[in-house]
Amino acid sequence: MAGVNKVILIGNLGADPEIRNLPSGASVANFNMATSETYTNKNGEKVTQTEWHRVECWEGLAKIAEQYLRKGSSVYIEGKIRTEEWQDKDGNTRYTTRIRAQNMTMLGGRPDSANGGQEEYGNNRSESGSRASGSQPEPNSFSDEGADDDLPF
C-alpha cells in the first residue's frame, strides 16, 4: 500500500534564510520556521506552544526565499518530511529532520499587491495567479493603455 508524506505549515521565520550555491550549480535555502498554537489548559490558563521546523527550499524556491523572505516573514509551506542520518565526530549516529518545501505562499506581504500580499510559488500550481518553482515573480502591472473602450461605468 502506498503512503503519503505531506506537511502543511503556516508560521514565521526565525531568521533570514541561509542560501548556499552547490558546486553542481543548484541553489538551496534553509530557514527555521516557528508554528504556534494557543489553547486553554484545564486550569483556565492560556498556553502557547511553539514548534520549530527546519525548512529547505531548492532551485527556484530557494531564489525566491533569498529575494523575499526575511526574519519574521509569515509563510505557508507545503512539503515533505525528510530525515537524514549521519555520524558525528565521535562516531555517534545522529538524525536531522527537515521539511523539503514543494510549494510556498508568502503571507502578509506587500499590501499593494492585487492578491492582498499573498504570492504563491511551487511545483504544483495551476497557471492562474501562480508561479512555477523555477520562475521569477513578475511584478503586478496595470496599464491605462487601451482605456478608450466603451465601458458603461
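Once a new chain begins, its residue numbering starts again from 1 and follows that chain's sequence as written. Where totals are concerned, whole chains, interfaces and linings use all residues; where local detail is concerned, this predicted model gives features only for residues with pLDDT of at least 70, and gives and counts side-chain atom pairs only at 80 or more. Heavy atoms throughout the structure, all of them, feed into the side-chain values; hydrogens and water do not.

A. Structural context of the nonpolar core. Counting 19 residues, the largest nonpolar core has Phe-31, Met-33, Val-55, Cys-57, Leu-69, Ile-77 and Met-104 as its most contacted members. Secondary structure elements with two or more residues in this core: β1 (7–13), β3 (27–40), β4 (46–58), α1 (59–68), β5 (74–87) and β6 (93–107). Here, residues are in contact when the closest pair of their heavy atoms is within 4.5 Å. Apart from the residues within four sequence positions on either side, Cys-57 is in contact with Ser-27, Val-28, Ala-29, Phe-31, Ala-62 and Ala-101. Put simply, a nonpolar core is a bunch of buried Ala, Val, Leu, Ile, Met, Phe, Trp, Tyr and Cys residues held in one set by side-chain atoms that sit within 4.5 Å of each other. Per-residue accessibility, obtained with a 1.4 Å probe over protein chains only, is compared with the maximum for each type, and a residue is labelled buried under 20%, exposed over 50%, and partly exposed between these values. Runs of E in the DSSP output that reach at least two residues are strands. Runs of H or I that reach at least four are helices, and both are numbered from the N terminus.

B. Molecular detail of the side chain of His-53. Mapping His-53 onto the fold places it in strand β4. Residue His-53 is classed as buried on the basis of its relative accessible area of 18%. Polar contacts, as counted here, are pairs of nitrogen or oxygen atoms within 3.5 Å of one another; within protein the pair requires one atom able to donate a hydrogen and one able to accept it, and residues that are adjacent in sequence qualify only if both atoms are side-chain atoms. For His-53, the side chain forms a polar contact with the side chain of Thr-35, separated by 2.8 Å. Look past the residues within four positions of His-53 in its chain and what remains in contact with it is Leu-9, Phe-31, Asn-32, Met-33, Thr-35 and Ile-99.

C. View of unusual backbone geometry. Here the phi dihedral of Glu-59 falls at roughly 50°; this positive angle occurs in a residue that is not glycine. Mapping Glu-59 onto the fold places it in helix α1.

D. Focus on the pairing of β4. Strands were regarded as paired on the criterion that DSSP finds at least two bridges between them. For β3 and β4, the ladder comprises 13 bridges, and the chain directions are antiparallel. By the bridge assignment, Tyr-39 is partnered in β4 with Val-47. The turn linking β3 back onto β4 is made up of five residues, and Gly-44 within it adopts a positive phi angle of 85°.

E. Spatial organisation of the confidence of the model for the chain. Predicted confidence across the chain gives a mean pLDDT of 79, with 71% of residues reaching 70 or more. Scored below 50 in pLDDT, residues 124–149 shows 32 contacts in the model against residues more than four places distant or in partner chains. Every residue carries a pLDDT, the predictor's confidence in it, which falls somewhere between 0 and 100.

F. The pattern of salt bridges, seen in detail. By definition here, a salt bridge exists when the distance from a side-chain nitrogen of Lys or Arg to a carboxyl oxygen of Asp or Glu is within 4 Å. By the definition in use, this model includes five salt bridges. The closest approach of N and O atoms between Glu-18 and Arg-54, which form a salt bridge, is 3.4 Å. Taken together, the residues Glu-18 in strand β2 (residues 18–21) and Arg-54 in strand β4 connect sequence positions 36 residues apart. Given the relative accessible area of 22%, Arg-54 is considered partly exposed. Notably, a salt bridge pairs Glu-56 with Arg-100, separated by 2.8 Å at the nearest N-O pair. Taken as a pair, Glu-56 in strand β4 and Arg-100 in strand β6 lie far apart in primary sequence, 44 residues in all.

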